[in-house]
Amino acid sequence: MSEQVPPGLPEPSASGGSATATKREEKTEASRRSFGSIVRESILEGNSVTVIFLAILTAIVIGGLLNAFTNTKVLHAWGNLFSAPGAAIAQAWDTAIGAYVALFEGSIFNPHTVAALFQQASFSTAVHDGFLAAVFNPLSETCVQATPLLLAGLAVALPYQAGMFNIGAQSQFIGGAILGTYLGYGVSLPPVIHVIVCALGGFVGGAVLGWVVGELKARTGAHEVITTIMLNYIMAYLLSFLLGNVMQRPGRSDLISPVIAGDAHLWHLFGSTLRINAGFLIALACAFGLWWLLYRTTTGFEFRAIGKNPSAARVAGMNVERSWVLVMLIAGGLAGLAGSGVIQGTESSLNFQTYGTFGFDAITVALLGLGRPLGVVLASLLFGAFHAGAPLMQSQTNTSVEIVQVLEALIVMFVAAPPLIRAIYRLRAARAAGVAGLTGKGLA
Amino acid sequence: MELELKGITKRFGSLVANDRIDLSVSPGQVHALLGENGAGKTTLMNVLYGLLQPDEGEILLDGRSVQFHSPKDAIAAGIGMVHQHFMLVPVFTVAENVTLGKEEIHPSGLLDRRKARRDVRELSKRYGLEVDPDALVEDLPVGIQQRVEIIKALVRDASVLILDEPTAVLTPAETNDLFRIIRQLKDGGTSVVFISHKLKEVQAIADTITVLRRGAVVGDKPPSATEDELAAMMVGRNVQLVVSKDAARPGDVVLDVEDLTVADETGRVWVNGMSFQVRAGEILGLAGVQGNGQTELCEALLGLRPIASGHIRLNGRDLTRGTPRQRLNAGVAYVPEDRQEDGLVGAFSVADNMILDSYDRPPFSSGINLHLGAIASNAAMRVQEFDVRTQSADTPVGTLSGGNQQKVILARELGREHKVLVASQPTRGLDVGSIEFVHRRIVQQRDHGVAVLIVSSELDEIYALADRIAVMYEGRITGFRPPSVPVEELGLLMAGSEVPGAAEAEAPAAEQSGAGESS
């Protein structure tokens, strides 16, 4: 990725000394802000890359322990602790490691597939029979899972940069999925055009919902957290109504839409056996585009200034209300694109399983990514890997898939509480910064 | 109680905030700590109050060495502190705030609210504090909130009371009340440590003045020391408290405000049919006690607040309905009253703050593309030109001192093409060196033919800068005066009485003299 943090932006630093300065500044700032923004700031800006890394590590360790001590074999071995202490510990270790190995094999690389590839008589038959594809299948799945998380994560990250909290990626996702699906089966168009029209339809479907939220905030002051949560309900029920009526697949009694036309599908990147498709590239392009918008354009300068200090932005002549609307419109569009991308990329039709909880996972992805485009890319790949590896982990080691959600929750929890991580690992920054905060005026 | 600090040293990394500081406070004495922002006054008091641990040195109480690990220890030893930013719970009553952390328990096991109220009343009476124990803190003006903080300390039997920049948030009248209270405390045997960077106040209230500079004691002075002497000690060189300037040469009317009325959302009228004009090359000083509509007037001038009636014209062009952007583009340079809230984006770099209201114009952008190179070179140039003390142009502006923040704002506003400069409280909270810098720049603007409107509640500043003085009271101008007007007359105008002064310089055009420097 050519993405990097631009020089103009204060980078949360990893080293002890200058972390103090960052923290000090944040404290004096915090004292003049609302409770909501303090919470948001402390989650998103009290973190250095070190803390994030340690949060992930800690979550993995705790997840392993949890996994080990809920396994029946381990519990049984633990019952014989005094007769065979080694066995209990070994069993616990094996269970925890086994689950993570399976998770890794399901999401990144599985050595067995390579072994299988080399056992084939010739390379060309191996490729033809799909053995090569099997090697890359885990990575492909990770990208497929990461695509909607990335787009929806950007839909949360952008409003954050502009000082807003978008809880409504879920509703915007559904909005995009509805319009994208309808355009997929309801109209017939030439091949390439159909793909583009569907994707644009997804963007528009989400953008309309985002626009409503922005417009309500700009005109009436309605808080976006409230309106987005309400819209999540509205869209979920609207979807259920549509799937039971106008969008129901003919001949079905359950809630499912017709299948979209073949030429509305996003192109596969590496042959039809791997599910990875152009949606992943579109998502990466959106992340890059958002970075460019935020850090290289006057519009992004306005967004960020409004996010950090709306009153100073107003005094500087910026149109705060118009920016709110524009931010929510773009954010909604990105989430909507995630919605139509799932349909066009892998699912082909819309039902209650297709949209899952991408809109809510997006919030955790944006938090973990510190609200920045590159961070969101990395966070969505991590969570995408978790989602991709979970089924293999369950089938191979009999570990329940929910452990993945526990991992995600733990990571976000630790990221949300940097002092906890600092205390566990005795990072020096915590103490100095704490004192600076206490003195009110900082050290100056 | 005799308090003594011996060789206190406190370091933050490579920065020495306090360098072997000796200080002794006798009982019943008001001891002032005078120094610029960043001189180490607050750090020293945080050490004394147990918020910070000194790296070297010791604290002696009545000759006994003590160690404070937390404010709790300090309070137990009889030290009370009133912070610059109050530590009160807004939704609690005065009595509840006072008792918080030291709750009196009734034999029944419940809170003894009656005793708390009685304590407050008793102390109020003894020191003339006049606070209603049942009032909610959020309903009280700042001056009274400060009294609550003082009562909080006294209830805990403080015999040394530290006041950190106590007058920064007070109106002149409230400051006088505070001084009365301090004198009463002193008579009752309490020692007061008074931290400030305001020379006049320190001279008025202190028995002994200790001057700090760059973390070290420069020396002790009696309050009879002259202002120049103290200022020189503070900044380490001679400072001109009076701005030297030539007589104004007013040109054409640039800013023309006619019959302006501004109300807030609740319909309260803040600016009531105000009319004034500012000419090119003159400084109009708008004096008045804070809260008489100055803030609203400035916001209306920039277009941040709707105008109920009247007109604002700039060089004859009507801007009454213009957006802030249109007014900035028309040539208004604006230095807001609250620089951190309205003037700067604290988390943004110095460079970004330098273009906060010109980012959308060449050379900083074309179309929607930002030109990072132009932004950086602009910042480098302005940092040098305005002597902004910052590690680099990429440093977040929120970490700079107040004076340097104000320089960033000035650099930005004066760097744009402008015809009128509206500066509200341009030197509030700044140290002497920065005040001098800001004043010189403002006079320079006037000499270049800019029309300047200074809104200030500091009369010293008005006298130092203004070529013409207007006094604002309850949304109206109670009179225009030349800068030679005696303080007493301004005081009357500020209190609302329209003195039919013989010296009324009603026709601003006729006024050419103007530049006398009385103080």
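A. Here's a closer look at the overall build of chain B. Helix and strand counts for chain B stand at 17 helices and 22 strands. Taken along the three principal axes of its C-alpha coordinates, chain B extends 75 × 50 × 45 Å. When burial is assessed residue by residue, chain B has 48% of its 519 residues classed as buried. Considering only intrachain contacts with a sequence separation of at least 6, the fraction spanning at least 24 residues in chain B is 68%.

B. How the structure looks around the overall build of chain A. Looking only at helices and strands, chain A has 21 helices and zero strands in total. Residue pairs in contact within chain A that sit at least 24 positions apart in sequence constitute 76% of those at least 6 positions apart.

C. Geometry of the confidence of the model for chain B. Residue and element names in this part refer to chain B. When the pLDDT values of chain B are averaged, the result is 86; 93% of them are 70 or greater. Across residues 502-519, where pLDDT falls below 50, the model places 38 contacts with residues more than four positions away in sequence or in other chains. Scoring of the predicted complex yields 0.75 for pTM and 0.78 for ipTM.

D. Structural detail: the domain arrangement of chain B. Here the domain parsing of chain B yields domain 1 (3-235), domain 2 (240-331 + 418-519) and domain 3 (343-416). In this structure, domain 1 of chain B and domain 3 of chain B have C-alpha centres spaced 37 Å apart.

E. Seen up close, the environment of Ile260 of chain A. Residue and element names in this part refer to chain A. Among the structural elements, Ile260 can be located in the loop between helix H11 (224-244) and helix H12 (278-296). Owing to 24 C-beta atoms within 10 Å, Ile260 belongs among the buried residues under this scheme. Each C-alpha atom, one on Ile260 and one on Ser349, is 6.2 Å from the other, the two residues being 89 residues apart in sequence. What Ile260 contacts, discounting residues up to four positions off in sequence, is Thr181, Gly184, Tyr185, Ile343, Gln344, Ser348 and Ser349.

F. Structural view of the sheet that holds strand E21 (residues 468-473) of chain B. All names here are of chain B. Read from one edge of the open sheet, six strands run E16-E19-E20-E13-E21-E22, paired in mixed fashion. Looking at strand neighbours, the two that pair on one side only are strand E16 (332-335) and strand E22 (476-481), the edges of this open sheet. Mean inter-strand twist for the sheet, computed between neighbouring axes without regard to direction, equals 20°. Sheet analysis places strand E13 (residues 283-287) next to E21, joined by four bridges and oriented parallel. Bridge pairing in E21 places Ala287 opposite Val471. The sheet contacts of helix H9 (residues 294-302) involve E13, E16, strand E19 (420-424), strand E20 (451-455) and E21, and relative to E19 the element is tilted by about 150°.

G. A look at the pairing of strand E3 (residues 30-34) of chain B. Residues and elements named next belong to chain B. Across the five residues that make up E3, a large majority, five, are buried. Residues Val30, Ala32 and Leu34 line one face of E3 and the alternating positions His31 and Leu33 line the opposite face, and both faces are buried. When E3 meets strand E9 (residues 208-213), the two strands line up parallel, connected through four bridges. Each bridged residue has a counterpart across the sheet, and for Leu33 the counterpart in E9 is Thr210.

H. Quick look at the packing of helix H8 (residues 131-161) of chain A against helix H17 (residues 358-368) of chain A. Residues and elements named next belong to chain A. Contact geometry of H8 with H17 gives a least axis separation of 7 Å together with a crossing angle of 60°. Classified by the interaxial angle, the pair formed by H8 and H17 is oblique. The interaxial crossing formed by H8 with H17 has right-handed handedness. Of the residues in H17, those in contact with Pro148, Leu149, Ala152, Gly153, Ala155, Val156, Ala157 and Tyr160 of H8 are Phe358, Gly359, Asp361, Ala362, Ile363, Val365 and Ala366. In the contact of H8 with H17, the residues fall into 12 nonpolar, two polar and one charged.

I. Seen up close, helix H5 (residues 85-107) of chain A. In this model H5 of chain A runs 34 Å from its N-terminal to its C-terminal C-alpha over 23 residues, within 8% of the 33 Å that 1.5 Å per residue would give. Residues of H5 of chain A that are buried make contact with helix H3 (49-68), helix H4 (72-79), H8, helix H18 (373-397) and helix H19 (402-416) of chain A.

J. Local environment of the pairing of strand E8 (residues 191-196) of chain B. Residues and elements named next belong to chain B. Counting buried positions along E8 yields six of six residues, so the element is predominantly enclosed. Residues Ser191, Val193 and Ile195 line one face of E8 and the alternating positions Val192, Phe194 and Ser196 line the opposite face, and both faces are buried. The pairing of E3 with E8 spans five bridges and is parallel. Looking at the pairing, Leu34 lines up with Ser196 of E8.

K. Expanded view of the nonpolar core. By size, the foremost hydrophobic cluster in this structure holds 261 residues, and its most contacted members are Leu151, Leu154 and Ala155 of chain A together with Ile162 and Val420 of chain B. The contact partners of Ala155 of chain A, leaving out residues within four places of it in the chain, are Asn166, Ala169, Gln172, Ala331, Gly332, Leu334, Ala335 and Ala362 of chain A.

L. Examining the sheet that holds strand E11 (residues 253-263) of chain B more closely. Residues and elements named next belong to chain B. Reading across from one edge, E12-E11-E14-E15 is the order of the four strands in this open sheet, with antiparallel pairing throughout. If you trace the sheet from one side to the other, it starts and ends with strand E12 (269-279) and strand E15 (317-318), each paired once. Where E11 meets strand E14 (residues 309-314), five bridges bridge the pair, whose relative direction is antiparallel. Note that in E14 the partner of Thr261 across the bridge is Ser309.

M. Spatial organisation of unusual backbone geometry. All names here are of chain B. In the segment running from Pro362 into Pro363, the intervening peptide bond is cis, with an omega of 5°. Positive phi is not limited to glycine here, since Asp62 has a value of about 50°. With respect to the helices and strands, Asp62 occurs in the loop between strand E4 (56-61) and strand E5 (64-66).

N. Structural detail: helix H5 (residues 142-155) of chain B. Residues and elements named next belong to chain B. Between its terminal C-alpha atoms H5 stretches 20 Å, which fits the 20 Å expected from 14 residues at 1.5 Å a residue. Among the residues of H5, those classed as buried are Gln146, Arg147, Val148, Glu149, Ile150, Ile151, Lys152, Ala153 and Leu154. Those residues of H5 that are buried lie in contact with strand E6 (79-82), helix H3 (94-99), helix H4 (113-127), strand E7 (160-164) and helix H6 (172-187). Taken from the residues just after H5, Asp157 is the one with a positive phi, measuring 60°.

O. Looking closely at the environment of Leu368 of chain A. Residue and element names in this part refer to chain A. The residue Leu368 is located in helix H17 in this model. Residues Leu368 and Ser380 lie 12 residues apart in sequence; the distance between their C-alpha atoms is 8.9 Å. If we ignore the near neighbours within four places in the chain, the residues touching Leu368 are Ile52, Ala379, Ile411, Val412 and Val415.

About the thresholds
- Residues numbered from 1 in each chain as written.
- Chains lettered and ligands numbered in written order.
- Predicted model: local features only at pLDDT ≥ 70, side-chain atom pairs only at ≥ 80, totals over all residues.
- Helix = DSSP H or I, 4+ residues; strand = E, 2+ residues; numbered from the N terminus.
- Buried ≥ 20, exposed ≤ 12 C-beta atoms within 10 Å, placed from the backbone.
- Contact = placed C-beta atoms within 7 Å.
- pLDDT = per-residue confidence, 0-100.
- Domains from an automatic or database assignment.
- Pairing = 2+ DSSP bridges.
- Axes fitted to C-alpha atoms, helices over the stretch in contact; angles between N-to-C directions.
- Parallel < 35°, antiparallel > 145°, perpendicular 65-115°, else oblique.
- Left-handed = near helix turned anticlockwise from the far one by under 90°.
- Nonpolar A, V, L, I, M, F, W, Y, C, P; charged D, E, K, R; others polar.
- Expected span 1.5 Å × (residues − 1).
- Core = buried A, V, L, I, M, F, W, Y, C linked by C-beta atoms within 7 Å.

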